[in-house]
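Structural overview for review
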Amino acid sequence: MPKIKPRVPLPKRPPEERIKDFNEVALGYDEKLAIEEASRCLQCPNKPCVKGCPVGVDIPRFIKLIRERRFEEAYKVIKDKCPIPAITGRVCPQERQCEKYCTLAKLGQPIAIGALERFVADWAREHGIAVEHAPKTSVGKKVAVVGSGPAGIVVAADLARLGYEVTMFEALHVPGGVLVYGIPEYRLPKKIVYDEINYLRELGVNIEIGVSVGRTITVYDLLDEYDAVFVGTGAGHPRFLNVPGENLNYIYTANEFLTRINLMRAYLFPEYDTPIHRGKRVAVIGGGNTAMDAARSALRLGAEEVHVLYRRTRAEMPARKEEIENAEEEGVKFVFLVQPKGFIGNDLGNVSEIMLKKMRLGEPDASGRPRPIPTGETITFQADMVINAIGFYPNPLIPQTTPEIKTDKKGRIIVDSEGRTSMPRVYAGGDIVIGEGTVIEAMGWGRKAALAIHKDLTINKKI
Ligand SMILES: Cc1cc2nc3c(=O)[nH]c(=O)nc-3n(C[C@H](O)[C@H](O)[C@H](O)COP(=O)(O)OP(=O)(O)OC[C@H]3O[C@@H](n4cnc5c(N)ncnc54)[C@H](O)[C@@H]3O)c2cc1C
């Protein structure tokens, strides 16, 4: 068997340089590196990688086109299925999706599909390549999309391309969902997010910001005006630890901390007017991607030490391996098998210490990972700032104000396999349906719902 060449590494800025700013860490392939990596693709006729892509990008085809230097055509192939490739190429956990199914993964290292997607999307942006997808004729139907994260973006793009009149409603003052307020600039530059979302405007999607559905208007109001409503409101409600001292100063939820930094650009205070506390010894509670984002952002704000405190061990951390490695390279430290029991403050009411329960691993729980069990021992940990990144709940506002939309015990909207909720003409997808997922999973749900809306309103005319 011929020897499999190793994957072409993605160039990155060195840690000592990158922790001084919020500029992008990964630099991306140039043309030469992209062609070299694309040349490793075996062009399997059964395309196993496509199976791992919830939006069904024709991966071998775009990689073949890169190999042939036909970058513009490669871009069109990707864009046909994925409206925001400069984003997905950067943030998708490819190791759990397309790259997991790559034939080369069994023989050595899988093709760097994400890095190649990113290369093509960046090349297209730099060369001003526009994709003509504007519909020729209107189907004469109106759809409201609530929430402008990845799920809503796909629904809006798919339906606009089919000729629907789409209006997107977003509670915040900019569209993008977690892409703008959660994922930091050094992983996903916001200029890229805004450019990608502009594609929706090119397709004729009307974006209404500052509209909180359930407060400003209701789903019932929307149903009066629109033929169908898609709910893609995400899982943006922080979980609290519910332990004593949680309200002390300088204990943030990751949601607040990251929103201040990413959306409000507090790291540029006073040029931007939202402030942020800059802790010296920062503790981040949790082991997921949000915890990694919070820890690495705290370092960039000038913290002397950042510790991630996690209740299981490294092997069970849900964060992407690459993100854990990036954090480690930058100097983030990890303390395993600990869980906060309470916080102690100083005379000013500022957090100064965390009381931690020591844990050990027990039998697997519902998640399949070993359950953390307290050993009975308690230790204290010094910290002048704490960021709670233990997870999020689905956003409850719409289910609370629209009881016909049924939810499960975890507050997730219940849908059929195609994205229909229990309420006629109302569809849902993304984190509000699956809980905390990924960008591409949310997009996959968006695609299903768009298809169901199209079937119900136009093909089968069920409504
Ligand atoms: C910090 C962080 C880092 C992450 N990193 C990654 C990563 O690297 N890779 C990855 O694949 N996934 C990552 N994820 C997960 C991913 O971002 C989500 O799975 C994805 O964004 C879900 O998309 P969505 O469209 O369902 O919801 P969201 O992106 O949450 O968007 C929902 C939108 O709806 C709006 N909204 C909510 N309620 C209302 C209302 N009542 N009216 C109007 N608008 C409303 C919200 O303001 C928001 O803009 C990360 C998540 C977080 C929090």
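Residues numbered from 1 in each chain as written. Predicted model: local features only at pLDDT ≥ 70, side-chain atom pairs only at ≥ 80, totals over all residues. Heavy atoms only, no water.

1. Looking at the sheet that holds strand S15 (residues 426-428)
- The parallel open sheet is built from 5 strands, whose spatial order is S3-S2-S1-S4-S15. Either end of the sheet is taken by a strand with one partner, and the two such strands are strand S3 (206-209) and S15. When the angles between neighbouring strand axes are averaged without regard to direction, this sheet yields 20 degrees.
- When strand S4 (residues 228-231) meets S15, the two strands line up parallel, connected through 3 bridges. Its bridge partner lying in S15, Val 229 is registered against Val 426.
- Its contacts with the sheet put helix H9 (residues 150-161) on strand S1 (142-146), strand S2 (165-170) and S4, and the angle it makes with S2 is roughly 165 degrees. (Pairing = 2+ DSSP bridges. Helix = DSSP H or I, 4+ residues; strand = E, 2+ residues; numbered from the N terminus. Axes fitted to C-alpha atoms, helices over the stretch in contact; angles between N-to-C directions. Contact = heavy atoms within 4.5 Å.)

2. Some details on the pattern of salt bridges
- Evaluation of the coordinates by the stated rule reveals 42 salt bridges.
- Arg 69 serves as the salt-bridge partner of Glu 31, at 2.9 Å between the closest nitrogen and oxygen. Here Arg 69 lies in the loop between helix H4 (59-67) and helix H5 (71-81) and Glu 31 lies in helix H2 (residues 31-38), a separation of 38 residues in the sequence.
- Classification of Glu 31 as partly exposed rests on a relative accessible area of 29%.
- For Arg 296, the salt bridge is made with Glu 323, and the minimal N-O distance between the two is 2.6 Å. Of the two residues, Arg 296 is situated in helix H14 (residues 289-300) and Glu 323 in helix H15 (residues 321-330); the sequence distance between them amounts to 27 residues.
- Judged by its relative accessible area of 0%, Arg 296 is buried.
- By sharing partners, the salt bridges in this structure join Lys 12, Arg 18, Arg 187, Asp 293, Arg 296, Arg 300, Glu 323, Glu 329 and Glu 330 into a single network. (Salt bridge = Lys/Arg side-chain N within 4 Å of Asp/Glu carboxyl O. Buried < 20%, exposed > 50% of the residue type's maximum accessible area, 1.4 Å probe, protein only.)

3. Some points on the nonpolar core
- Ranked by size, the top nonpolar core spans 82 residues in total, and within it Phe 62 and Ile 66 carry the most contacts.
- When sequence neighbours within four positions are dropped, the list of residues in contact with Ile 66 reads Ala 34, Ile 35, Ala 38, Phe 71, Ala 74, Leu 116, Phe 119 and Val 120.
- Tyr 252, Val 284, Ala 303 and Val 306 belong to the second-largest nonpolar core, a separate cluster that totals 33 residues. (Core = buried A, V, L, I, M, F, W, Y, C linked by side-chain atoms within 4.5 Å.)

4. Things to note about the site of the ligand
- As a matter of local geometry, the ligand sits amid 35 residues, with Val 91, Glu 170, Arg 187, Val 213 and Asp 431 nearest to it.
- A distance of 3.2 Å separates an oxygen atom of the ligand from a polar backbone atom of Pro 150.
- Calculation on the ligand without its partners gives an accessible area of 1,000 Å², and the protein chains cover 94% of this total.
- Counting residues per element, the ones that place at least two in the shell around the ligand are H9, S2, H14 and helix H18 (439-459). (Near = heavy atom within 4 Å. Polar contact = N/O pair within 3.5 Å; in protein donor to acceptor, adjacent residues only side chain to side chain. Areas by Shrake-Rupley, 256 points an atom, 1.4 Å probe, with all protein chains shown as cover.)

5. Remarks on the packing of aromatic side chains
- In the structure shown here, the tally under the stated rule is 7 aromatic pairs.
- Each ring, one from Phe 71 and one from Phe 119, has its centre 5.1 Å from the other, and the planes form 80 degrees; the classification is edge-to-face. In this pair, Phe 71 is assigned in helix H5 and Phe 119 in helix H8 (residues 113-126), connecting sequence segments 48 residues apart. Of the two residues examined, Phe 71 and Phe 119, each falls in the buried class.
- What links up through ring pairs into an aromatic cluster is the set Phe 22, Tyr 186 and Tyr 267.
- The ring of Tyr 186 carries Arg 300 above its face, with NZ or CZ at 3.9 Å from the centroid.
- The ring of Trp 445 is capped by Lys 448, whose NZ or CZ atom sits 4.0 Å from the centre of that ring. (Phe/Tyr/Trp six-rings, centres within 6.5 Å; stacked < 30°, edge-to-face > 60°. Lys NZ or Arg CZ within 6 Å of the ring centre and 35° of its normal.)

6. Section: the pairing of strand S7 (residues 281-285)
- When you tally the buried positions in S7, you get 4 out of 5 residues, the bulk of the element.
- One ladder, built from 5 bridges, connects S7 with strand S8 (residues 305-309); its direction is parallel. Looking at S8, one finds that Val 284 is bridged to Val 308.
- What joins S7 to S8 is H14, and the crossover it makes is right-handed.
- Looking at chain direction, S7 and strand S13 (residues 385-388) are connected through 4 bridges and run parallel. (Right-handed = clockwise from strand over helix to strand, strands pointing away.)

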